[in-house]
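Per-entry structural report
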Amino acid sequence: MSKEKPFSITKRIVWEAYQRVKANKGAAGVDEETIAEFEEDLKNNLYKLWNRMSSGSYFPRPVRLVEIPKADGSARPLGIPTVGDRIAQMVAKMYMEPEVEPHFHPDSYGYRAGKSAIEAVGVARKRCWQYDWVVDLDIKGFFDNIDHTLMMRAVRRHTDCKWILLYIERWLKAPVQRENGEMLDRDKGTPQGSVISPLLANLFLHYAFDEWMRENYPQLSFERYADDIIVHCMSERQAKWIKEMIEKRLLHCRLTLHPEKTKVVYCKDDTRRGSYRNEKFDFLGYTFRPRTSKTRFATYRVSFSPAVSKKATKKMWRDMRSWRFHLCSDKSLEDLSRICNPITRGWINYYGQYYKSALYRTFDIFNCILKKWAMRKYKKLKGCPRRAAHWLGRLASRQPWLFAHWKFGCTPSVGR
């Protein structure tokens, strides 16, 4: 008779976890093994992983540290576990998520099924019309500074499963390996980029912020997407006061607010008098600020509304330049559309939800890129930007579905 494993983990859930990890793709970890290489001996690799997890002998490998440059010149640390560790974390997530999900706050939108960033933006938009003031919160290095003791205390409130507790603690403590091979021990934080981190981050802030707000300040509305948080207030005095209270609460949870990025904002519109030094804020790729908009009665008014942020716009411009379409004269327009449409359609679906005209400038630039491609590909258009613009414009009127942004209404025109 075979000896029974100390931990009850089914082989089926390991298989399902592998399928989810494969669908999410992702880079190789410290062992440099890709998903394709893991699949070369898939059955044996999954069996070994299940066997180790079920017997308690599973220990995660170090996490590969990749630093992603940010617009302000700093770097965002991204931790990449090995394929096997990602599958193991997915197993734990699949067991644990159904237990914690029903307890989460309705205004927590990040990394949750049935919730989305654009939903959070829409709710924030309505509440900025209802409340005059906002506290825009920025937690300094949130993922890197999560306290392990407090994190495990939160996990234990929702499960007493020994293997989940054991492995979460091992994942939290797993060392980080830099690109040069240097090993760094960790006594706090959870790597951004690991499978289990979003769930753990949500659980931590559920107790550090959401539940604390619900119990102590139920009259105040907020939206939270992971560590991006905005709180709505009736007055400047109330906003400054709750900012101080939140700062004290987060310090108690071993977190700090960024002193420059955390601010009180006045939601200025044409019915709100006076002015304030901060009258705009960024939230989930949108900038909220006073904007002129047309009413249903064909009049114009100033409302405090979201539109695609300058930071998101610059990111789209960089992506478009990286396609280098002006050098792809061997390709047809249909080829170009297949390359870019999945991406531009995503931009439209997200950033085109509110104040969509803010996207027009971006797609005008894209049309200029297509115009340069046409002048390089066709001799009759070489050196003739107006003729190229006319040619593209006629094509767009006949086939507006060819490019997603043409269907959106941003077609080429002469002089652009």
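Residues numbered from 1 in each chain as written. Predicted model: local features only at pLDDT ≥ 70, side-chain atom pairs only at ≥ 80, totals over all residues. Heavy atoms only, no water.

On to the overall build of the chain. Within the chain, the secondary structure is distributed over 15 helices and eleven strands. On the principal axes, the C-alpha backbone points of the chain span a range of 80 × 60 × 40 Å. Of all 416 residues assigned to the chain, the portion counted as buried reaches 49%. Summarising the internal contacts of the chain: among those between residues at least 6 apart in sequence, 68% fall at separations of at least 24. (Helix = DSSP H or I, 4+ residues; strand = E, 2+ residues; numbered from the N terminus. Buried < 20%, exposed > 50% of the residue type's maximum accessible area, 1.4 Å probe, protein only. Contact = heavy atoms within 4.5 Å.)

The next thing to look at is the environment of V135. Relative to the elements of secondary structure, V135 occurs in strand β3 (residues 133-138). Assessed through its relative accessible area of 0%, V135 is described here as buried. Spatially, the C-alpha atoms of V135 and F408 are 34 Å apart, while their sequence positions differ by 273 residues. In this structure, V135 is in contact with I229, I230, V231, C233, A239, I242, K243 and K263, ignoring residues within four places of it in sequence.

Across the interface, helix α7 (residues 148-156) lies against helix α8 (residues 162-173) with an axial gap of 11 Å and an inter-helix angle of 155°. When the axis of α7 is compared with that of α8, the two are roughly antiparallel. In this structure, the crossing between α7 and α8 has a hand that is right-handed. Between α7 and α8, the contacting residues are H148, M151, M152, V155 and R156 on the first element and L165, I168, E169, L172 and K173 on the second. Of the residues belonging to the contact of α7 with α8, the class tally is six nonpolar, one polar and three charged. (Axes fitted to C-alpha atoms, helices over the stretch in contact; angles between N-to-C directions. Parallel < 35°, antiparallel > 145°, perpendicular 65-115°, else oblique. Left-handed = near helix turned anticlockwise from the far one by under 90°. Nonpolar A, V, L, I, M, F, W, Y, C, P; charged D, E, K, R; others polar.)

This brings us to the sheet that holds strand β7 (residues 228-233). The strand order β6-β7-β3-β8 describes an open sheet built from four strands, whose pairing is antiparallel. Where the open sheet ends on each side, the last strands, each with one partner, are β6 (222-225) and β8 (263-266). Here the strands of the sheet are splayed against their neighbours by 20° on average, with no regard to which way each runs. With respect to the sheet, helix α9 (residues 197-216) is in contact with β3, β6 and β7, its orientation differing from that of β6 by roughly 175°. (Pairing = 2+ DSSP bridges.)

In this model α9 runs 27 Å from its N-terminal to its C-terminal C-alpha over 20 residues, within 8% of the 28 Å that 1.5 Å per residue would give. Where α9 bends most, the angle comes to about 50°, and this point is H206. (Expected span 1.5 Å × (residues − 1). Bend = angle between axes of the 7 residues up to and from the residue.)

Take a positive patch on the surface next. Together, K280, R289, K310, K314, R318 and R321 make up a region of like positive charge exposed at the surface. At four residues, the largest contribution of residues to the positive patch is made by helix α11 (residues 310-323). Its place among the elements puts R289 in strand β10 (residues 286-294). Since its relative accessible area comes to 34%, R289 is described here as partly exposed. (Patch = residues over 30% accessible without salt bridge, like charges linked within 9 Å, V, L, I, M, F, W, Y side chains within 5 Å. Areas by Shrake-Rupley, 256 points an atom, 1.4 Å probe, with all protein chains shown as cover. Salt bridge = Lys/Arg side-chain N within 4 Å of Asp/Glu carboxyl O. Lys, Arg positive; Asp, Glu negative; His and termini not counted. Charge placed at Lys NZ, Arg CZ, Asp CG, Glu CD.)

The three strands are arranged β9-β10-β11 in an open sheet whose pairing can be described as antiparallel. Each edge of the open sheet carries a strand with a single partner, namely β9 (281-283) and β11 (300-308). Strand-to-strand twist of the sheet, defined as the mean angle between neighbouring strand axes without regard to direction, takes the value 50°. Looking at chain direction, β9 and β10 are connected through three bridges and run antiparallel. Bridge pairing links F283 to Y286 in β10.

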